[in-house]
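# Structure at a glance
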Amino acid sequence: MRVARFTQGSDPRYALVEGDGDGAELVVISGDPIYMPVQPTGERVRLDDDGVRLLAPVIPRSKVVAVARNYVAHAEEMQVEVPERPLLFFKPNTSVIGPDDPIVVPEWSQRVEHEGELAVVIGKVTKDVSPEGALAHVFGYTCSNDVTARDVQRSEVQWARAKGFDTSCPLGPWIVLGLDAEDLEVTVRVNGERRQHGSTSQMVFDIPYLVSYVSEAFTLLPGDVILTGTPAGTGPLVHRDVVEVEVEGVGTLRNPVLRR
Ligand code: ZN
């Protein structure tokens, strides 16, 4: 099942996505399925209709927790060690944008990079959950781009500015429920050219472990999001680029890049 959040110009609504490509339809549901049972309203909307726009499928209730250096090959290209424990940081919910929204490169960075990642959307209040119990707290999965001002990340000890600026957290295009996320390909393309590629099976710390570990530090709320780290191949984004993050079994998150 795929859950999307969309607008036709007024308030955001939720829908199940049926079909693919040109035939895809939105089966409108009443309310946010993270908080209430899925109930179709009877209305259907074609995804490619004029005026239909997908939004970030979730606005994290309280936080996006991200995991650094969770793929060995990415740690190697960054010339840093793989940490003994997951290395965590936050992205504020104001950094979230949806499919096709522009990533706006901040004036104060000369080097902004893409980091395609699998994102975990939390479905229940989660505190001190065991790895064995963790997946029962997952609502579903979506694609994310942990956009990073790499020059600022290198020059500042805290990563709040480098990784938390407005538009630095594209999410989408929808949330997939009931997916086995242990071995999914993660691919990033810029202007159609492949830049990043890996599999979630290459994570240093797997999803059950991460959810458990994060929940030992922070209470996770329904709608919070965990970004699970990026595979090798991160690289620069410049004005007018189009960046795509594709996660196998989920879909493709596409965003243009803008420098004002
Ligand atoms: Zn990242």
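Residues numbered from 1 in each chain as written. Predicted model: local features only at pLDDT ≥ 70, side-chain atom pairs only at ≥ 80, totals over all residues. Heavy atoms only, no water.

## Remarks on the overall build of the protein chain
Counting its secondary structure elements, the protein chain contains five helices and 20 strands. Against the compact-globule benchmark of 18 Å for 260 residues, the protein chain has a radius of gyration of 17 Å, which places it among compact chains. Reported as C-alpha extents along the three principal axes, the dimensions of the protein chain are approximately 55 × 45 × 30 Å. Classification of the 260 residues of the protein chain by burial places 55% in the buried group. Sequence separation of at least 24 residues holds for 71% of the intrachain contacts in the protein chain that already meet a minimum separation of 6. Within the protein chain, one finds 25 positive and 38 negative side-chain charges whose respective centroids are separated by 5 Å. (Helix = DSSP H or I, 4+ residues; strand = E, 2+ residues; numbered from the N terminus. Rg over C-alpha atoms; globule rule 2.2 N^0.38 Å. Buried < 20%, exposed > 50% of the residue type's maximum accessible area, 1.4 Å probe, protein only. Contact = heavy atoms within 4.5 Å. Lys, Arg positive; Asp, Glu negative; His and termini not counted. Charge placed at Lys NZ, Arg CZ, Asp CG, Glu CD.)

## Side note on the environment of Arg-194
Within the secondary structure, Arg-194 sits in strand β16 (residues 193-199). Along the sequence, Arg-194 and Glu-216 sit 22 residues apart, while their C-alpha atoms lie 37 Å from each other. If we ignore the near neighbours within four places in the chain, the residues touching Arg-194 are Thr-187, Val-188 and Arg-189.

## Some words on the state of the cysteines
Under the definition given, this model contains zero disulfides. Cys-143 carries a free sulfur, and the closest cysteine sulfur to it, the one in Cys-169, is 12 Å from it. In this structure Cys-169 comes out as buried when scored by relative accessible area, which is 0%. (Disulfide = S-S within 2.5 Å.)

## Considerations on the coordination of the zinc ion
Around the zinc ion, the protein contributes the donor atoms Glu-115 (OE), Glu-117 (OE) and Asp-146 (OD), which lie 2.0 to 2.1 Å from the metal centre. In primary-sequence terms, the residues that donate to the zinc ion follow E-x1-E-x28-D. Here Glu-115 and Glu-117 have matching classes, each one buried. (Donors = N, O, S within 2.8 Å, 3.2 Å for Na, K, Ca; no water.)

## Details of the side chain of Asp-146
Examined against the element boundaries, Asp-146 turns out to sit in the loop between β12 (138-145) and β13 (148-149). Within the structure, the side chain of Asp-146 is placed 2.6 Å from the side chain of Lys-91, a separation counted as a polar contact. Separated by 2.8 Å, the side chains of Asp-146 and Lys-163 make a polar contact. Sequence-distant contacts of Asp-146, that is, excluding residues within four places in its chain, are made with Phe-89, Lys-91, Glu-113, Glu-115, Glu-117, Lys-163, Ser-168 and Leu-227. (Polar contact = N/O pair within 3.5 Å; in protein donor to acceptor, adjacent residues only side chain to side chain.)

## Examining the side chain of Ser-144
When you line up the elements, Ser-144 lands in strand β12. Those residues in contact with Ser-144 that sit more than four places away from it in its chain are Glu-115, Gly-116, Glu-117, Leu-118, Ala-119, Pro-170, Leu-171, Leu-227, Val-245 and Leu-253.

## Considerations on the packing of aromatic side chains
A complete count under the given rule lists five aromatic pairs for this structure. Taking the centre distance of 4.9 Å and the plane angle of 50° together, the rings of Phe-90 and Phe-218 count as tilted. Here Phe-90 is found in strand β7 (residues 87-91), whereas its partner Phe-218 is found in the loop between α5 (207-215) and β17 (225-227), with 128 residues between them in sequence. Taken together, Phe-205, Tyr-209 and Tyr-213 form an aromatic cluster joined through their ring pairs. Lying across the ring of Trp-174, Arg-2 places its NZ or CZ 5.1 Å from the centre. The cationic tip of Arg-161 hangs over the ring face of Trp-108; the distance from NZ or CZ to the ring centre is 4.4 Å. (Phe/Tyr/Trp six-rings, centres within 6.5 Å; stacked < 30°, edge-to-face > 60°. Lys NZ or Arg CZ within 6 Å of the ring centre and 35° of its normal.)

## So, a nonpolar patch on the surface
Side chains of Val-72, Val-82 and Val-204 sit close together on the surface and give an oily, nonpolar patch of about 180 Å² of accessible area. The topology assignment puts Val-204 in the loop between β16 and α5. The exposure class assigned to Val-204 is partly exposed, which follows from its relative accessible area of 32%. (Patch = residues over 30% accessible without salt bridge, like charges linked within 9 Å, V, L, I, M, F, W, Y side chains within 5 Å. Areas by Shrake-Rupley, 256 points an atom, 1.4 Å probe, with all protein chains shown as cover. Salt bridge = Lys/Arg side-chain N within 4 Å of Asp/Glu carboxyl O.)

## Examining the layout of surface pockets
Volume-wise, the largest pocket comes out at about 390 Å³. Around the largest pocket, the lining comprises 19 residues; the ones closest to its centre are Leu-47, Leu-54, Pro-173, Trp-174 and Arg-254. Elements with a minimum of two residues in the lining of the largest pocket: β5 (53-55), β14 (169-176) and β20 (251-258). Split into classes, the residues belonging to the lining of the largest pocket amount to nine nonpolar, three polar and seven charged. Within this model, the second largest pocket holds a volume of roughly 270 Å³. Along the walls of the second largest pocket sit 17 residues, with Leu-135, Ala-181, Glu-182, Ile-207 and Pro-208 positioned nearest its centre. Among the elements of the structure, β12 and α5 are those that each provide at least two residues to the lining of the second largest pocket. (1 Å grid on protein atoms, 1.4 Å probe; cavity = no way out; pocket = protein on both sides within 12 Å on 5 of 7 lines; lining within 4 Å. Points joined across faces, edges and corners; volume = space filled by probe spheres on them. Nonpolar A, V, L, I, M, F, W, Y, C, P; charged D, E, K, R; others polar.)

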